[in-house]
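# Examining the three-dimensional arrangement
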Amino acid sequence: GIVLLKNEGDILPVPEGKKIAVVGRYADKRNTGDHGSSNVFSPYAVTPYEGLCNRFGKNNIYLYNGCKCDDAMKTAEKCDYIVVCVGSDWLQEGEFLVNLGNVKKKPKGSGGDRANLNVPPEDVKLIKAMSSLGKKLVVNIMGGSAYIIKEWIDSAEAVVMSFYSGLEGGNALADILSGDVTPAGKLPFTIAYNSDDYPPFLHLGAKCKDIEYGYYHGYTLFDKSGKTPHFPFGFGLSYTEFEYSDISLLNDGNKIEVSLNVKNIGDFDGDEIIQLYIGSNSADADRPVKLLKGFRRVSINKGESVRVAVSAEVDDIRFYNPEIGDWELDKSYTVYIGKDSRNIIEAGKISF
């Protein structure tokens, strides 16, 4: 599930024998998410530092678990790679509500929705300080949702989104950074360039008392508004590359199926997630430009090609008509196949 957002100059995976500094507030901290009803009382949780020690050897890993730039720079000065662990924990996002019941005091800033979509300013300062060292810099983002990262992304050669990765999160991160596993995770949301690209957000302390949310959200809103996302829904890089060809479309009245050849043209074995989007061509109704209706994950060795079929049921492309109180088909749809919601190819049109 870890998503590779950036890998400039193919600095990842990390070669064997390199010295790695792991710094930041979550470098060696158990960070599995909220402490409310979603809390999982796990017997252990592998931190990023522990996972990298397990994989690369403790003698090759250097730790600073904090946000003081001077201390982090001293830790990293003799290393080849720096992994900065930033994001959120239960103190920034969770299930906190205003009604505390019999709880007398709540830790400042804990729980609830984040007040904004940026990583904390001290994390940004740390990323930029680490960038000044001229080392190969990897930023590991931990958290439950999207972040606005344009402010600092140019400071890092590589960025991974590891979310709240659970008990084995540190080992999973090490698997990805080492290349033992080729990343194949895809974003389950859209990352915008600016907060204003999203609908307005009401949080505690806001002056407004109510907000009207429209029908469209996520990638459907970006499609409708014509806005370009920083990273689109379904995005995720790999250490290898996949080429699509020989695309064909079948509609038998019950199932829509797209078949294509997918070839691994890179230097690593890997998994590709082929995504099927379908959009209505109805001229007399307000419809999304396209909606994800199917996907297929396949493992392909380097140099190999496989034939893949991705399908959706016709019933799944119907829209609800409140006037008749039932689901109905539009007359025409366009079918797309692609690697994310923006990197798509038109597979053809179907009619009913």
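Residues numbered from 1 in each chain as written. Predicted model: local features only at pLDDT ≥ 70, side-chain atom pairs only at ≥ 80, totals over all residues. Heavy atoms only, no water.

### A short note on the overall build of the protein
Looking only at helices and strands, the protein features five helices and 15 strands. The C-alpha radius of gyration of the protein comes to 23 Å, within 12% of the 20 Å expected for a compact globule of 352 residues. The dimensions of the protein, computed from C-alpha atoms along their principal axes, are 65 × 60 × 35 Å. When the 352 residues of the protein are sorted by exposure, 47% land in the buried category. Contacts spanning at least 24 positions in sequence make up 70% of the contacts within the protein whose residues lie at least 6 apart. Accessible surface computed for the protein: about 17,800 Å², of which carbon and sulfur atoms make up 49%. (Helix = DSSP H or I, 4+ residues; strand = E, 2+ residues; numbered from the N terminus. Rg over C-alpha atoms; globule rule 2.2 N^0.38 Å. Buried < 20%, exposed > 50% of the residue type's maximum accessible area, 1.4 Å probe, protein only. Contact = heavy atoms within 4.5 Å. Areas by Shrake-Rupley, 256 points an atom, 1.4 Å probe, with all protein chains shown as cover.)

### Here's the deal with the nonpolar core
Judged by nonpolar contacts, the single largest core of 39 residues is most densely connected at Leu5, Val23, Val84, Met130, Ile141 and Trp152. In terms of residue count, helix α3 (residues 121–131) provides more of this core than any other element does, five residues in total. Beyond its immediate chain neighbours, meaning those up to four positions away, Trp152 contacts Val119, Val124, Ile127, Lys128, Val139, Ile141 and Val159. Listed in part, the 26 residues of the second largest apolar core include Leu12, Tyr49, Leu52 and Cys53. (Core = buried A, V, L, I, M, F, W, Y, C linked by side-chain atoms within 4.5 Å.)

### Side note on unusual backbone geometry
A cis amide bond, omega 5°, links Leu12 with the succeeding residue Pro13. Counting through the fold element by element, Pro13 comes out in the loop between β1 (3–7) and β2 (20–23). Positive phi values are uncommon outside glycine, yet Phe163 reaches one of about 55°. Along the chain, Phe163 falls in the loop between β6 (158–161) and α4 (169–178). Even without being a glycine, Asp246 presents a positive backbone phi close to 50°. Positionally, Asp246 belongs in strand β7 (residues 242–251).

### Considerations on the sheet that holds β6
In spatial order, the strands read β1-β6-β5-β4-β2-β3; together these six strands make up an open sheet with mixed pairing. With one partner strand each, in any of the chains shown, β1 and β3 (61–64) form the two edges of the open sheet. The mean inter-strand angle of the sheet, taken between neighbouring strand axes irrespective of direction, is 20°. Sheet analysis places β1 next to β6, joined by four bridges and oriented antiparallel. What sits directly across from Leu4, in β6, is Val160. (Pairing = 2+ DSSP bridges. Axes fitted to C-alpha atoms, helices over the stretch in contact; angles between N-to-C directions.)

### Some remarks on the pattern of salt bridges
Taken as a whole and assessed by the stated rule, the structure comprises 17 salt bridges. With a shortest N-O distance of 3.8 Å, Glu8 and Lys6 are connected by a salt bridge. Residue Lys224 is joined to Asp286 by a salt bridge in which the shortest nitrogen-to-oxygen separation is 3.2 Å. Of the two residues, Lys224 sits in helix α5 (residues 218–225) while Asp286 sits in the loop between β9 (270–280) and β10 (291–300), which places them 62 residues apart along the sequence. The exposure class assigned to Lys224 is partly exposed, which follows from its relative accessible area of 39%. By sharing partners, the salt bridges in this structure join Glu16, Arg55 and Asp180 into a single network. (Salt bridge = Lys/Arg side-chain N within 4 Å of Asp/Glu carboxyl O.)

### A short note on the packing of aromatic side chains
Under the criterion given, the structure shown has nine aromatic pairs. For the ring pair Tyr320 and Trp327, a centre distance of 5.4 Å and an interplane angle of 65° mean the geometry is edge-to-face. With relative accessibility at 43%, the residue Tyr320 sits in the partly exposed group. Note on Tyr333 and Phe352: the rings are 5.8 Å apart at their centroids and 85° apart in plane angle, and the pair reads as edge-to-face. Linking Tyr333 in strand β14 (residues 332–338) with Phe352 in the segment after β15 (344–351), this pair joins segments that are 19 residues apart in sequence. Of the residues examined, Phe352 reaches a relative accessible area of 38% and is grouped as partly exposed. Through a chain of ring-to-ring contacts, three or more aromatic side chains come together here, namely Tyr219, Phe233 and Tyr277. Across from the ring centre of Phe319, 4.1 Å away, lies the NZ or CZ of Arg287, which sits over that ring. Geometry around Tyr244 places Lys339 over its ring, the cationic atom sitting 5.3 Å from the centre. (Phe/Tyr/Trp six-rings, centres within 6.5 Å; stacked < 30°, edge-to-face > 60°. Lys NZ or Arg CZ within 6 Å of the ring centre and 35° of its normal.)

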